[in-house]
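Breakdown of the fold
Okay, here's what each chain looks like letter by letter:
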Amino acid sequence: MEFQTWRHVFKLDPNKELTDEALQALIHSGTDAFLIGGTDGIDAENTFALYARVRDAGIPIALEISHPSQVIHGFNHYFVPTVLNAGTPEWIIGHHARAFERYGHFFDARLVTAQGYLVLNPEAKVADVTAARCDLTMEESVAYAEVGHHLFRLPSLYIEYSGRLGNPDVVKEIRLALPDAHLFYGGGIEGEETARLMGAHVDTIVVGNIIYEDLAGALATVRALR
Ligand code: 1GP
(Lines give C-alpha, C1' and ligand atoms only; values in the text may rest on other atoms or scores of the structure.)
Protein backbone atom coordinates (compact mmCIF):
# COMPACT_ATOMS: atom_id res chain seq x y z
CA MET A 1 0.00 0.00 0.00
CA GLU A 2 1.41 3.33 -1.05
CA PHE A 3 1.43 6.19 1.43
CA GLN A 4 -0.64 8.30 -0.99
CA THR A 5 -3.69 6.21 -0.08
CA TRP A 6 -3.32 6.56 3.68
CA ARG A 7 -6.06 8.52 5.44
CA HIS A 8 -5.08 7.69 8.99
CA VAL A 9 -1.77 6.88 10.61
CA PHE A 10 -0.80 6.09 14.18
CA LYS A 11 2.58 7.46 15.13
CA LEU A 12 4.28 5.15 17.58
CA ASP A 13 7.10 6.43 19.74
CA PRO A 14 9.85 3.87 20.43
CA ASN A 15 10.64 5.69 23.66
CA LYS A 16 7.16 5.25 25.15
CA GLU A 17 5.58 2.28 26.85
CA LEU A 18 2.79 0.47 25.03
CA THR A 19 1.17 -2.68 26.41
CA ASP A 20 0.55 -5.68 24.14
CA GLU A 21 -3.15 -5.18 24.69
CA ALA A 22 -3.02 -1.56 23.54
CA LEU A 23 -0.90 -2.50 20.55
CA GLN A 24 -3.37 -5.20 19.52
CA ALA A 25 -6.19 -2.66 19.70
CA LEU A 26 -4.25 -0.32 17.41
CA ILE A 27 -3.47 -3.15 14.99
CA HIS A 28 -7.17 -4.01 14.70
CA SER A 29 -8.37 -0.40 14.65
CA GLY A 30 -8.51 -0.06 10.87
CA THR A 31 -5.68 2.46 10.66
CA ASP A 32 -3.82 2.55 7.35
CA ALA A 33 -0.28 2.48 8.70
CA PHE A 34 2.06 2.78 11.63
CA LEU A 35 4.64 5.50 11.51
CA ILE A 36 7.47 4.93 13.92
CA GLY A 37 9.23 8.03 15.11
CA GLY A 38 9.74 10.56 17.85
CA THR A 39 12.03 13.30 18.99
CA ASP A 40 13.42 12.25 22.38
CA GLY A 41 15.48 9.23 23.36
CA ILE A 42 15.17 7.39 20.05
CA ASP A 43 17.89 4.91 19.18
CA ALA A 44 18.39 1.80 17.05
CA GLU A 45 17.61 -0.49 19.98
CA ASN A 46 14.21 0.87 20.96
CA THR A 47 13.28 1.47 17.30
CA PHE A 48 14.08 -2.14 16.45
CA ALA A 49 12.22 -3.42 19.52
CA LEU A 50 9.07 -1.63 18.42
CA TYR A 51 9.54 -2.68 14.80
CA ALA A 52 9.78 -6.31 15.89
CA ARG A 53 6.43 -6.02 17.68
CA VAL A 54 4.55 -4.69 14.65
CA ARG A 55 6.29 -6.13 11.60
CA ASP A 56 3.91 -9.09 11.29
CA ALA A 57 0.77 -7.11 11.99
CA GLY A 58 -0.23 -6.91 8.33
CA ILE A 59 -0.21 -3.11 8.38
CA PRO A 60 2.32 -0.99 6.47
CA ILE A 61 5.03 0.27 8.78
CA ALA A 62 7.06 3.32 7.99
CA LEU A 63 10.06 4.72 9.77
CA GLU A 64 10.41 8.43 10.20
CA ILE A 65 14.12 8.95 10.31
CA SER A 66 15.10 11.64 12.72
CA HIS A 67 18.62 10.38 13.34
CA PRO A 68 20.90 8.23 11.18
CA SER A 69 21.61 5.88 14.10
CA GLN A 70 17.99 4.82 13.88
CA VAL A 71 18.15 3.42 10.36
CA ILE A 72 16.97 -0.18 10.32
CA HIS A 73 16.27 -2.55 7.44
CA GLY A 74 12.86 -4.06 6.82
CA PHE A 75 10.38 -1.19 6.97
CA ASN A 76 7.90 -0.85 4.11
CA HIS A 77 8.66 2.82 3.83
CA TYR A 78 11.09 5.45 5.08
CA PHE A 79 10.22 9.10 5.53
CA VAL A 80 12.97 11.67 5.74
CA PRO A 81 11.76 14.96 7.19
CA THR A 82 13.17 18.25 6.04
CA VAL A 83 11.98 21.17 8.15
CA LEU A 84 11.12 23.95 5.72
CA ASN A 85 10.91 26.63 8.43
CA ALA A 86 13.90 25.40 10.46
CA GLY A 87 16.11 28.09 11.93
CA THR A 88 19.23 26.29 10.84
CA PRO A 89 20.20 24.64 7.55
CA GLU A 90 21.16 21.53 9.52
CA TRP A 91 17.51 20.46 9.68
CA ILE A 92 16.78 21.41 6.11
CA ILE A 93 19.70 19.62 4.45
CA GLY A 94 22.73 19.26 6.77
CA HIS A 95 21.86 16.09 8.68
CA HIS A 96 20.51 14.60 5.51
CA ALA A 97 23.75 15.06 3.60
CA ARG A 98 25.69 13.40 6.40
CA ALA A 99 23.19 10.53 6.53
CA PHE A 100 23.52 9.91 2.79
CA GLU A 101 27.29 10.10 3.01
CA ARG A 102 27.17 7.30 5.53
CA TYR A 103 24.11 5.30 4.52
CA GLY A 104 23.35 6.35 0.94
CA HIS A 105 24.26 2.91 -0.39
CA PHE A 106 21.79 1.37 2.03
CA PHE A 107 18.67 2.99 0.67
CA ASP A 108 16.38 1.74 -2.00
CA ALA A 109 15.39 5.18 -3.25
CA ARG A 110 11.92 3.93 -4.14
CA LEU A 111 11.17 3.35 -0.48
CA VAL A 112 12.34 6.76 0.69
CA THR A 113 10.08 9.80 0.68
CA ALA A 114 10.99 13.31 1.71
CA GLN A 115 8.48 15.04 3.93
CA GLY A 116 8.55 18.82 3.92
CA TYR A 117 7.72 19.72 7.50
CA LEU A 118 6.13 22.95 8.54
CA VAL A 119 6.61 23.07 12.31
CA LEU A 120 4.03 25.46 13.76
CA ASN A 121 3.79 24.80 17.51
CA PRO A 122 6.57 26.74 19.27
CA GLU A 123 6.07 24.63 22.42
CA ALA A 124 6.85 21.38 20.64
CA LYS A 125 10.14 19.64 21.22
CA VAL A 126 10.70 19.48 17.46
CA ALA A 127 10.35 23.28 17.24
CA ASP A 128 13.01 23.66 19.89
CA VAL A 129 15.39 21.14 18.35
CA THR A 130 15.12 22.62 14.85
CA ALA A 131 14.86 26.26 16.03
CA ALA A 132 11.81 26.45 13.81
CA ARG A 133 10.31 29.82 12.98
CA CYS A 134 6.79 29.18 14.23
CA ASP A 135 5.51 32.76 14.25
CA LEU A 136 4.54 32.62 10.59
CA THR A 137 1.49 34.48 9.33
CA MET A 138 -1.10 32.55 7.39
CA GLU A 139 0.35 33.89 4.13
CA GLU A 140 3.88 32.93 5.14
CA SER A 141 2.79 29.42 6.13
CA VAL A 142 1.18 28.97 2.73
CA ALA A 143 4.28 30.36 1.03
CA TYR A 144 6.58 27.89 2.81
CA ALA A 145 4.29 25.05 1.78
CA GLU A 146 4.26 26.34 -1.81
CA VAL A 147 8.05 26.44 -1.88
CA GLY A 148 8.15 22.85 -0.62
CA HIS A 149 5.71 21.66 -3.24
CA HIS A 150 6.34 23.77 -6.33
CA LEU A 151 10.01 24.64 -5.97
CA PHE A 152 11.55 21.73 -4.10
CA ARG A 153 8.92 19.38 -5.56
CA LEU A 154 8.68 17.38 -2.36
CA PRO A 155 6.38 14.35 -2.64
CA SER A 156 4.64 15.18 0.64
CA LEU A 157 4.19 18.01 3.11
CA TYR A 158 3.61 17.61 6.85
CA ILE A 159 1.84 20.32 8.83
CA GLU A 160 3.17 19.64 12.31
CA TYR A 161 1.59 21.03 15.47
CA SER A 162 2.82 18.13 17.62
CA GLY A 163 1.27 18.35 21.09
CA ARG A 164 -1.60 20.69 20.33
CA LEU A 165 -4.39 21.18 17.85
CA GLY A 166 -3.40 23.55 15.08
CA ASN A 167 -5.23 26.36 13.40
CA PRO A 168 -7.66 24.74 10.95
CA ASP A 169 -7.68 27.91 8.83
CA VAL A 170 -3.94 27.58 8.17
CA VAL A 171 -4.41 23.94 7.20
CA LYS A 172 -7.35 24.85 4.99
CA GLU A 173 -5.46 27.65 3.22
CA ILE A 174 -2.53 25.34 2.50
CA ARG A 175 -4.97 22.80 1.07
CA LEU A 176 -6.60 25.45 -1.13
CA ALA A 177 -3.22 26.68 -2.37
CA LEU A 178 -1.93 23.18 -3.07
CA PRO A 179 -4.77 20.91 -4.12
CA ASP A 180 -2.35 18.38 -5.62
CA ALA A 181 0.13 18.10 -2.75
CA HIS A 182 -0.05 15.12 -0.43
CA LEU A 183 -0.70 16.73 2.95
CA PHE A 184 -0.08 15.13 6.31
CA TYR A 185 -1.38 16.82 9.43
CA GLY A 186 -0.32 15.96 12.98
CA GLY A 187 -0.93 17.58 16.34
CA GLY A 188 -3.51 17.37 19.10
CA ILE A 189 -5.92 14.98 17.41
CA GLU A 190 -7.57 13.21 20.33
CA GLY A 191 -10.98 11.98 19.21
CA GLU A 192 -13.62 11.94 16.50
CA GLU A 193 -14.25 15.65 16.36
CA THR A 194 -10.65 16.76 15.98
CA ALA A 195 -9.96 13.93 13.52
CA ARG A 196 -12.84 15.09 11.31
CA LEU A 197 -11.90 18.74 11.64
CA MET A 198 -8.38 18.26 10.32
CA GLY A 199 -9.16 15.22 8.18
CA ALA A 200 -11.42 17.43 6.06
CA HIS A 201 -8.44 19.44 4.79
CA VAL A 202 -5.61 16.93 4.45
CA ASP A 203 -4.91 13.57 2.89
CA THR A 204 -3.50 11.88 5.98
CA ILE A 205 -3.95 12.61 9.66
CA VAL A 206 -1.31 11.47 12.11
CA VAL A 207 -2.31 10.57 15.65
CA GLY A 208 0.43 10.35 18.27
CA ASN A 209 0.33 11.35 21.93
CA ILE A 210 -3.27 10.41 22.63
CA ILE A 211 -2.37 6.74 22.09
CA TYR A 212 -0.47 6.91 25.37
CA GLU A 213 -3.00 9.06 27.23
CA ASP A 214 -6.45 7.89 26.14
CA LEU A 215 -6.51 4.77 24.00
CA ALA A 216 -10.27 4.92 23.47
CA GLY A 217 -9.92 8.45 22.13
CA ALA A 218 -7.12 7.32 19.82
CA LEU A 219 -9.24 4.49 18.44
CA ALA A 220 -12.14 6.88 17.87
CA THR A 221 -9.98 8.93 15.48
CA VAL A 222 -9.92 6.00 13.06
CA ARG A 223 -13.69 5.58 13.14
CA ALA A 224 -14.13 9.28 12.46
CA LEU A 225 -12.60 8.94 9.02
CA ARG A 226 -14.46 5.81 7.95
C1 1GP B 1 3.71 14.17 16.14
O2 1GP B 1 2.33 15.00 14.40
C3 1GP B 1 2.48 13.96 15.32
O4 1GP B 1 4.83 14.22 15.31
C5 1GP B 1 1.25 13.75 16.14
O6 1GP B 1 1.04 14.79 17.05
O7 1GP B 1 1.37 13.65 19.22
O8 1GP B 1 0.04 15.77 19.09
O9 1GP B 1 -0.86 13.62 18.16
P10 1GP B 1 0.36 14.44 18.47
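Whatever comes next refers back to the structure up there.
The paragraphs below set out a description of the structure included in this document. (Residues numbered from 1 in each chain as written. Predicted model: local features only at pLDDT ≥ 70, side-chain atom pairs only at ≥ 80, totals over all residues. Heavy atoms only, no water.)

Quick word on the site of the ligand
Threshold: Any residue with a heavy atom positioned within 4 Å of a molecule or strand is treated as near that molecule or strand. Any pair of nitrogen or oxygen atoms within 3.5 Å is treated as a polar contact; in protein, a donor-acceptor pairing is required on top of that, and neighbouring residues in sequence qualify only through side-chain atoms on both sides. Under the convention used here, a 1.4 Å probe and the Shrake-Rupley method define accessible areas, while residue burial counts only the protein chains that appear. Three classes are used: nonpolar for Ala, Val, Leu, Ile, Met, Phe, Trp, Tyr, Cys and Pro, charged for Asp, Glu, Lys and Arg, and polar for all others, with Gly counted as polar.
Surveying the vicinity of the ligand reveals the residues Lys11, Tyr158, Glu160, Ser162, Gly163, Gly186, Gly187, Gly188, Val206, Gly208 and Asn209. One of the backbone N or O atoms of glycine 187 is found 3.3 Å from an oxygen atom in the ligand. Alone, the ligand offers 300 Å² of accessible surface; in the complex the protein occludes 92% of this. Looking at side-chain class alone, the shell around the ligand contains two nonpolar, seven polar and two charged residues.

Examining the pairing of strand E3 (residues 61-64)
Spelled out, the test is: We call a residue buried when its accessible area falls under 20% of the maximum for its residue type, exposed when it is over 50%, and partly exposed in between, using a 1.4 Å probe and counting protein chains only. In this description a helix means any DSSP run of H or I spanning at least four residues, a strand means any run of E spanning at least two, and both kinds are numbered starting from the N terminus. Strands pair, by our definition, only if DSSP identifies at least two bridges between them. With strands facing away from the observer, any crossover in which the path from the first strand over the helix to the second runs clockwise is taken as right-handed.
Of the two faces of E3, the one holding Ile61 and Leu63 and the one holding Ala62 and Glu64 are both buried throughout. In this sheet, E3 lies alongside strand E2 (residues 33-36) in parallel orientation, the contact comprising three bridges. Counterpart to phenylalanine 34 in the pairing with E3 is isoleucine 61. Tracing the backbone out of E2, into helix H2 (residues 44-54) and back to the parallel element E3 gives a crossover that is right-handed. Where E3 meets strand E4 (residues 77-83), three bridges bridge the pair, whose relative direction is parallel. If you follow glutamate 64 over to E4, its bridge partner there is phenylalanine 79.

Here we look at the pattern of salt bridges
Test applied: By definition here, a salt bridge exists when the distance from a side-chain nitrogen of Lys or Arg to a carboxyl oxygen of Asp or Glu is within 4 Å.
Counted by the stated rule, this structure contains ten salt bridges. With its nearest N and O atoms 2.9 Å apart, the salt bridge here joins aspartate 108 to arginine 110. Judged by its relative accessible area of 31%, aspartate 108 is partly exposed. Given the relative accessible area of 71%, arginine 110 is considered exposed.

Quick word on unusual backbone geometry
Positive phi outside glycine occurs at alanine 131, with the angle close to 50°. Turning to its location among the elements, alanine 131 is positioned in the loop between helix H4 (125-130) and helix H5 (138-151). Classification of alanine 131 by relative accessible area gives partly exposed; the value is 43%.

What about the sheet that holds strand E7 (residues 183-186)?
This is how it is decided: Think of each axis as a best-fit line through the C-alpha atoms, taken over the contacting stretch in the case of a helix, with angles from 0 to 180 degrees between the N-to-C directions. The contact definition used throughout considers only heavy atoms, calling two residues in contact when any of these lie within 4.5 Å.
Within the closed barrel, the eight strands sit side by side as E1-E2-E3-E4-E5-E6-E7-E8. Their pairing is parallel. Shown here is a sheet whose adjacent strand axes are inclined to one another by a mean of 30°, direction ignored. Strands strand E1 (8-12), E2 and E3 of the sheet are contacted by H2, whose axis makes an angle of about 170° with E2.

Quick notes on the side chain of threonine 130
Structurally, the position occupied by threonine 130 is in helix H4. Separated by 2.8 Å, the side chain of threonine 130 and the backbone oxygen of valine 126 make a polar contact. Non-local contacts of threonine 130, meaning those with residues more than four positions away in its chain, are made with Val83, Ala86, Gly87, Thr88 and Trp91.

Remarks on the nonpolar core
The cut-off we apply is this: We define a nonpolar core as any set of buried Ala, Val, Leu, Ile, Met, Phe, Trp, Tyr and Cys residues linked to one another through side-chain atoms lying within 4.5 Å.
The biggest cluster of nonpolar side chains holds 53 residues, and the ones touching the most others in it are Phe10, Leu12, Phe34 and Ile174. In contact with phenylalanine 10, not counting residues within four places along its chain, are Leu26, Ser29, Thr31, Ala33, Phe34, Leu35, Val207, Ile211, Ala218, Leu219, Thr221 and Val222. Formed by 19 residues, the second largest nonpolar core is a distinct cluster that contains Val9, Val83, Val119 and Phe184.

Remember, this is a structural readout, not a statement about activity or role.
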